[in-house]
Amino acid sequence: MYHTQSPEEYDVVIMGAGFVGVCQARHLLLNIPNIKIALIDPRPEERTQKDLKLGESMVEVAALFVGKELGLYDYMTENHPPKYGLNFHWAKDPTKTETTDDYYHIWNNRQTLLASFQMNRAKFERDLLKMNKAMGAVFYPGRVVDVDLTPGDAIKTVKVKVEDSYLELRAKHVIDGAGRKFIIGKKTDNLLFGAENLFGVDTGSAWVRVKNVDRTIFHNGYDPNGATCSHYYGTNHWFGHGHWLWMIPTEKDSKEISIGISQHRSAIPDNQINTQEKFYAFLKANHKILYWLVMSGENVDFHYLPRISHTSKTFFSPDNWYVLGDAACIFDPFYSLGTTMIAFAIESVTEIVRAKLAGEPDAERKRAAYNEFNLTYTRINNHLIKEHDKQLGNASIMSWRIYQDYMWWFGVIVPMYAGKWHLDLDFIPRYVKGVQTNLNGYSEHLCQQFSELVAQGKNIGFMDCYRADQLLGNYHPLEHFDNFVENTKLEPRRCNIFACMKYTSFYTAIWYALFLWKGFGFGLLKPRNLYYLFYHLNNAIQCAIGEIIYKRFTKDLPANSQIAKMRQEFTTYRHQPQLQKWIENVEVSVGKEFNRSVVGATTNAPRVVRETKENNSSFHSSLFTFSLLYTIYRIS
Ligand SMILES: Cc1cc2nc3c(=O)[nH]c(=O)nc-3n(C[C@H](O)[C@H](O)[C@H](O)COP(=O)(O)OP(=O)(O)OC[C@H]3O[C@@H](n4cnc5c(N)ncnc54)[C@H](O)[C@@H]3O)c2cc1C
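Residues numbered from 1 in each chain as written. Predicted model: local features only at pLDDT ≥ 70, side-chain atom pairs only at ≥ 80, totals over all residues. Heavy atoms only, no water.

### A closer look at the packing of aromatic side chains
Here is step 1 of the chain: Applying the stated rule across the entire model yields 57 aromatic pairs.
Here is step 2 of the chain: Between the NZ or CZ atom of Lys36 and the centre of the ring of Tyr10, over which it lies, the distance is 5.2 Å.
Here is step 3 of the chain: The residue whose ring lies beneath Arg307 is Phe193, and the NZ or CZ to ring-centre distance is 4.2 Å. (Phe/Tyr/Trp six-rings, centres within 6.5 Å; stacked < 30°, edge-to-face > 60°. Lys NZ or Arg CZ within 6 Å of the ring centre and 35° of its normal.)

What follows is the structure, encoded as C-alpha cells:
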C-alpha cells in the first residue's frame, strides 16, 4: 500500500508513537516551521481498553512541559485527572493494614504552586497523534523492522512493515521512541543493564488496573483539619520492606486506578509476585487496604515486568540518532520521573535538530552538551533509589530521605527546567561537574549513613516534606527561592537559578546538621561529616558569587518580555469613558430578519438608519398636517 519507488524523505522519522513519540512530534512541529515528520507505530490509532501503558503520573517538570511547551493545559484539564502531589504511607504495624488509619502518613496538604496531572495514556497518545496529523505529521501504521544508521549527516533509512507491504523512509534524523523494543539500542550496543551499571538497583514490577473501585475504602474525602486538597487524586505510595506500591487514579468517570508494586529482588523474588493471584495474595497479606480496594472493582488487566531498569551509553549521537524515553533509560518509577526525563530529552532533541537543520556552527557542540546533561540528570535519578531495598520499609529514614530529595527537586530541578538552563551551553558543564562530584562524594556518603541507621533500627523522627515547621524558620522543601512562577520568568535564563542553588545548598547544610545530630549525636563531629557540612556551605557561597555575576549580566532584562511590552504600550493608555454604539447594530440585525432586500449588508447600516429616520419624520409631518387640517375643520 505504501510502496514507493523513490522513498519519502523526512527531516525526522520517529519510531514509536507512545508518550515520547507523540510529544516529540508535537514539540518539533511547534518549534520548527515546515518541518517534515513521520511517525510510525503498529498500534491502532483508536486505542482500545487493552492498550494501557505505564507512566500515568506526572510531576511538575513533565506537567510544565505538557501544559506549557505543548500548549495542552486546556486539553489536560478537560481529559485527564488532576494530580495533588505524592502521598507516602507506612504501616504502623505490618500485621495490621486494614485501613488508612493503620498507616503513618506524609500527606500532600495543599494545591502546590504548579499544577500537575495524572494521565490515561491510551487516551493521551490517541489524541496527540490526531493533533500531530492535523499539524502535518505523516503517520505510518506499521512496525519498524530495521534502520540503517549511516554515519554523520548522511541520510538514514528506516524500513517499515505496514500490513503485508514494506516501505523505506529516508531521514536526516531518526528518533527511537519505541520503548523496550530497543531498536537503536540493540543495533548500536548502546544499552546498559544489570545492577552493576545501575547503582545496584535490581527491581521488577507487577501491576493491575481496576475500574469502578470504591475509593471510600481508601479515604472518604472528609478530612477538614488535615488538608486543603484531595487525597485520592494524589499519587499514593505504600511502603514495606523491600518494596513500595503505587496507587494512581487514571480515569475519573470509570473510577479506574492503577495499583502496582516496585519489588526489590533481594527482598521479594520474582516467582512470588509474578501472577495476578500471587500479587493479590501479597496485597492481602501486606497491605490489606489495597487488597480491599482492588477487590471492590472490576479487574481490567495484570502485567508483570521482571526487569524495570536500564540505561544507555549515549542518548544523542553525532550520527543524528537519538534514544528517548524507555528506549533510553528508566530506573524505578518512585518519584514518577519517567515523563520528566522525557521532557528534558525532548527539548534537547528539538534544539539539536533545529540547529542542525539550520546549519548553525554550534549544533554539534549543543548535541554533545545536551547528551552529557541528560546522561548526568538521569544518573541522579538512578542514584535517588540506591539502597532503597534496605531503606524503603523504614518510615523514619525514608521520611528524611524524601525530605532531602524534595529540597533539591523544588529548590533546583524545577527552577532549572523553568529557566531553560538545561539548554544553556555555559551552565551545563558547570552543572554536570557539580553533580558528578556530588554523586561520588556527599550523595554516596549520605546513602551509606541512611543504610547504617536502618541497620541500627534507629528512630530519628518523622520528617514531613510538605510542612514548614521542621527545619529553620518557615522553610519548607517546596520553596523555589525565585519568583519565577509569580512573575512568569519562563523565558530562557530569566529564572535566577543561582539564588535557587545558593539557598538549597544552605538549607541542605542545615538539614544535614540536624540529620547528623539526630542520627549520630556527637558523631556529627567526625571529619567526613564536617567536610560535607562545609561542602554545602561552600557551595552556597560559590552560588552567591555566581548570583552576583548573573544579576550583573541580566540587570536590564525584564522578568518577562510580553509583560514588559504590554507595560510599555500601556504608557500611552488614556481612559476613554465612552461606549461604542450598539443599538443601531441591533436594528440592523432586526432589519436583516424582516427585510433583507432593503437592509443589505451591515455596512449599509447608517443608510438604513437614516432611511428609517426619514420615514419616521415624513410620517410625523403627515400626522402634523392631518392634525392641523382636522383642527381647522373642527373650528370651522
Ligand atoms: C513499572 C513502571 C511504572 C512507571 N510509572 C511511571 C509514572 O507513573 N510516571 C512516569 O512519568 N513514568 C513512569 N514510568 C516510566 C514510563 O514507562 C515512561 O514515562 C513512559 O511510559 C515511556 O514512554 P515511551 O514512549 O518511551 O514508551 P511506550 O509508551 O512504551 O511507547 C513505545 C511505542 O513504540 C511502539 N513500538 C514498539 N515497537 C515498535 C516498532 N518496531 N516500530 C514502531 N513502533 C514500535 C509501541 O507500540 C509504543 O506505542 C514507569 C515505568 C515503569 C517500568
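Past the structure itself, the notes keep going.
### Remarks on the pattern of salt bridges
Here is step 1 of the chain: With the rule as written, the count across this model stands at 33 salt bridges.
Here is step 2 of the chain: Note that Glu569 is salt-bridged to Lys565, the shortest N-O span being 3.6 Å. Of the two residues, Glu569 and Lys565 both sit in helix H16 (residues 561-570), 4 residues apart, roughly one turn of that helix.
Here is step 3 of the chain: Looking at Lys565, the relative accessible area reads 55%, which means it is exposed.
Here is step 4 of the chain: The network of salt bridges with shared partners includes Lys68, Glu69, Glu347 and Lys420. (Salt bridge = Lys/Arg side-chain N within 4 Å of Asp/Glu carboxyl O. Helix = DSSP H or I, 4+ residues; strand = E, 2+ residues; numbered from the N terminus. Buried < 20%, exposed > 50% of the residue type's maximum accessible area, 1.4 Å probe, protein only.)

### Description of the site of the ligand
Here is step 1 of the chain: Every one of the 35 residues lining the ligand counts as a neighbour, but Asp41, Arg43, Ser57, Arg121 and Thr339 are closest to it.
Here is step 2 of the chain: In the model, an oxygen atom of the ligand is placed 3.2 Å from a nitrogen or oxygen of the Phe19 main chain.
Here is step 3 of the chain: Here an oxygen atom of the ligand sits 2.6 Å away from a polar atom, N or O, in the side chain of Arg121.
Here is step 4 of the chain: Listing elements by their share of the shell around the ligand, those giving two or more residues are helix H1 (19-31), strand S8 (143-148), strand S14 (243-251) and helix H8 (338-357). (Near = heavy atom within 4 Å. Polar contact = N/O pair within 3.5 Å; in protein donor to acceptor, adjacent residues only side chain to side chain.)

### Some details on empty space enclosed by the protein
Here is step 1 of the chain: Per the counting criterion, the structure on display carries 2 cavities of 30 Å³ or more.
Here is step 2 of the chain: If you trace the largest cavity, you find it lined by Ile330, Phe331, Asp332, Phe334, Tyr335, Leu337, Gly338, Met341, Asn381, Leu384 and Ile385.
Here is step 3 of the chain: Each residue belonging to the lining of the largest cavity can be placed in one class, and the counts come to 8 nonpolar, 2 polar and 1 charged. (1 Å grid on protein atoms, 1.4 Å probe; cavity = no way out; pocket = protein on both sides within 12 Å on 5 of 7 lines; lining within 4 Å. Points joined across faces, edges and corners; volume = space filled by probe spheres on them. Nonpolar A, V, L, I, M, F, W, Y, C, P; charged D, E, K, R; others polar.)

### Some details on the sheet that holds strand S12 (residues 203-211)
Consider a sheet: its strands pair through backbone hydrogen bonds, and that pairing is either parallel or antiparallel.
Here is step 1 of the chain: Within the open sheet, the 7 strands sit side by side as S5-S4-S13-S14-S15-S12-S16. Their pairing is mixed. Two strands in the sheet have a free side with no partner beyond their single neighbour: strand S5 (103-106) and strand S16 (298-305). Along the sheet, successive strands turn relative to each other by an average axial angle of 20 degrees, direction set aside.
Here is step 2 of the chain: The sheet contact formed by S14 and strand S15 (residues 256-264) spans 8 bridges and is antiparallel. Paired with His243 across the strands is Gln263, a residue of S15.
Here is step 3 of the chain: Set on the sheet, helix H6 (residues 276-286) makes contact with S5, S12, S14, S15 and S16; between it and S12 the angle comes to about 90 degrees. (Pairing = 2+ DSSP bridges. Axes fitted to C-alpha atoms, helices over the stretch in contact; angles between N-to-C directions. Contact = heavy atoms within 4.5 Å.)

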